[in-house]
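Listed below are the residues making up each chain.
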Amino acid sequence: MKIEDIFSDLPELTTERLLLRKLTLADTDDRHHFLSDELVTRFLPFEAHKTKEETEAGIRYYLDLYAKGQVSPWGIVAKETGRLIGTIGFTSWNPRHGKGEIFYYIAREAWGKGIVVEAARAVIQFGFD
């Protein structure tokens, strides 16, 4: 199975509290909220976003990955509010060898609530399925 076959139509994943789905341009404000926070981005390979245009450009990059069927992330949406609170996905994935690496970033107000663990379990299950 090829990566393009798996990611050509990234499925929505649901958990008790979360919806994991493709990012859209409508997520720009929510995404900018957490990516402009220096505490959220301090260990990421990019600096905190200064403008919404920068955030939108990042989303457009992911939209291009979706269109090409390449490894691409899910937006983490809190079911309770309907707001985007983070992003999770594979930085690399090799289904043939059963190996993958996950990345995530999440809004500071969602820290310490088990959100990433819940989202990661769904992504890991997706990888094994």
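Remember, predicted model here, so these are calculated numbers, not experimental data.

(A) Structural context of the environment of tryptophan 74. For tryptophan 74, the position within the fold is in strand S3 (residues 74–78). We classify tryptophan 74 as buried; its relative accessible area is 0%. As a C-alpha pair, tryptophan 74 and aspartate 30 span 44 residues in sequence and 14 Å in three-dimensional space. Not counting the four nearest positions on each side in its chain, tryptophan 74 is found in contact with Leu10, Pro11, Leu13, Leu20, Arg21, Gly86, Thr87, Ile88, Gly89, Phe90, Val123 and Phe126.

(B) Quick peek at the packing of aromatic side chains. Overall, the coordinates contain 5 aromatic pairs when judged by the stated rule. Note on tyrosine 61 and tyrosine 62: the rings are 5.6 Å apart at their centroids and 55° apart in plane angle, and the pair reads as tilted. Aromatic side chains phenylalanine 103 and tyrosine 105 sit 5.8 Å apart centroid to centroid with 35° between the ring planes, which places their arrangement in the tilted category. Here tyrosine 105 falls in the buried class, since its relative accessible area comes to 4%. Put simply, the rings of Phe46, Phe103 and Tyr105 pair up and form one aromatic cluster. Between lysine 22 and the ring centre of tyrosine 66, over which it is positioned, the NZ or CZ distance is 5.4 Å.

Conventions adopted
- Residues numbered from 1 in each chain as written.
- Predicted model: local features only at pLDDT ≥ 70, side-chain atom pairs only at ≥ 80, totals over all residues.
- Heavy atoms only, no water.
- Helix = DSSP H or I, 4+ residues; strand = E, 2+ residues; numbered from the N terminus.
- Buried < 20%, exposed > 50% of the residue type's maximum accessible area, 1.4 Å probe, protein only.
- Contact = heavy atoms within 4.5 Å.
- Phe/Tyr/Trp six-rings, centres within 6.5 Å; stacked < 30°, edge-to-face > 60°.
- Lys NZ or Arg CZ within 6 Å of the ring centre and 35° of its normal.

What is shown is where atoms sit, not what they do.
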